[in-house]
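# Structural description and commentary
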Amino acid sequence: MPSRRTIFGGVARAGRPVVTITMMAICVAMFVASWVIPKDFIFQTFAYAPFLTESEPWRMITSAFLHSSNFMHIAFNMYALWILGNALEPAFGRVRFLAVYLVSALAGSVGVLLLSPIDTAVVGASGAVFGLFGALFVVQRKRGGDVRQIVVLLLINAAIGFLPGVGIAWQAHLGGLIAGALCTAAIAYAPAKNRNLVQWGGMAAVVALLVVLTVYKVSTFPNFILG
C-alpha cells in the first residue's frame, strides 16, 4: 500500500514534528553540556571560525547546534524553530524538512566565511532558523498566502543583527535565508512529473554551490593560515 504524501511529496505522518523536536533536543543538550564540561571544550571543539574551514570543515554544521551562554540566544532560536518546524515539517515531510534545515545551517557558515573576518568565531542555530523563515516565505507565496508578517519578522530580526554590542552574525542569517528559500523553491515548485528528481536535484545544486563558494574562499586565504 503506497504511503500517504504531503502536498510537497514527503511522507505524511501524524503526531508531533519529530525532526523539529530532535533538533531542539540536540541544541538544548549541547547548551547544557557547555555549562557542565569545563574549559570551553564544547566551543573549542565544535564552534565555527573561517580559518578552520579547511582543516575542520564539520564545524560548519556542528556550530549550528551550539549557543552562547546568553540564555536569550538559545531561547529565541528554539522558540522560532518550534513555531517554524510545526508549520513546515508536516508540509515537507521529515526528510525534506531535515534537508532544508541542514543545508540552511551550512549556508549560514558559508555566509560567515564569505562576509566576516577570517578569525570570527560563531555559534548558533540562527542560520538554519533563518533558512526556515525563507522556506515559509516561499511556501506562503506558493499557496497565495499573506507574506507581510514574515517580511516584518525578517526585517526586525535583520535589524537586530546590526545593532552595536548585540553580537549576532547577520552574515549567517543572510546565508541561511537565501539557501532555505532556494531549497524550498525546488521543493514547492517542482512539477508533479519527476518531482523527486527536481526537488533533490535542486537541493543538491544548492549544496554544490555552497561547496564551490567555500573552496574558492578558502583558496584566497593566506598560506600561513592554511599551513
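I will try to describe carefully the structure that is included in this document. (Residues numbered from 1 in each chain as written. Predicted model: local features only at pLDDT ≥ 70, side-chain atom pairs only at ≥ 80, totals over all residues. Heavy atoms only, no water.)

## A look at empty space enclosed by the protein
In total, this model carries 1 cavity of 30 Å³ or more according to the counting rule given. When its volume is computed, the largest cavity comes out at roughly 100 Å³. Every residue lining the largest cavity is counted, 13 residues in all, and those nearest its centre are R13, R16, E89, P90 and R94. Each residue belonging to the lining of the largest cavity can be placed in one class, and the counts come to 6 nonpolar, 3 polar and 4 charged. (1 Å grid on protein atoms, 1.4 Å probe; cavity = no way out; pocket = protein on both sides within 12 Å on 5 of 7 lines; lining within 4 Å. Points joined across faces, edges and corners; volume = space filled by probe spheres on them. Nonpolar A, V, L, I, M, F, W, Y, C, P; charged D, E, K, R; others polar.)

## Some details on the pattern of salt bridges
One pass over the structure, following the stated rule, counts 1 salt bridge. Here E56 and R59 are joined by a salt bridge, their closest N and O atoms 2.5 Å apart. The class of R59 is buried, set by a relative accessible area of 6%. (Salt bridge = Lys/Arg side-chain N within 4 Å of Asp/Glu carboxyl O. Buried < 20%, exposed > 50% of the residue type's maximum accessible area, 1.4 Å probe, protein only.)

## Some words on the side chain of S104
Along the polypeptide, S104 turns up in helix α5 (residues 94-115). The contact partners of S104, leaving out residues within four places of it in the chain, are G127, A128, G131, G176, A179 and G180. (Helix = DSSP H or I, 4+ residues; strand = E, 2+ residues; numbered from the N terminus. Contact = heavy atoms within 4.5 Å.)

## Observations concerning helix α4 (residues 71-92)
Given a rise of 1.5 Å per residue, 22 residues ought to cover 32 Å, and the 30 Å separating the end C-alpha atoms of α4 matches this to within 8%. For α4, the principal kink sits at G85 and spans about 40°. Residues of α4 that are buried include every one of I74, N77, M78, A80, L81, L84, G85, L88, E89, A91 and F92, and no others. Check the buried side of α4 and you find it contacts α1 (18-36), α5, α6 (126-143) and α8 (170-188). (Expected span 1.5 Å × (residues − 1). Bend = angle between axes of the 7 residues up to and from the residue.)

## Let's talk about the layout of surface pockets
Here the second largest pocket is characterised by a volume of approximately 260 Å³. Forming the walls of the second largest pocket are 14 residues, and the residues nearest its centre are I83, L84, F133, L136 and L153. Of all the elements in the fold, those that place two or more residues in the lining of the second largest pocket are α4, α6 and α7 (148-160). For the lining of the second largest pocket, the per-class residue count stands at 10 nonpolar, 3 polar and 1 charged.

Remember, this is a structural readout, not a statement about activity or role.
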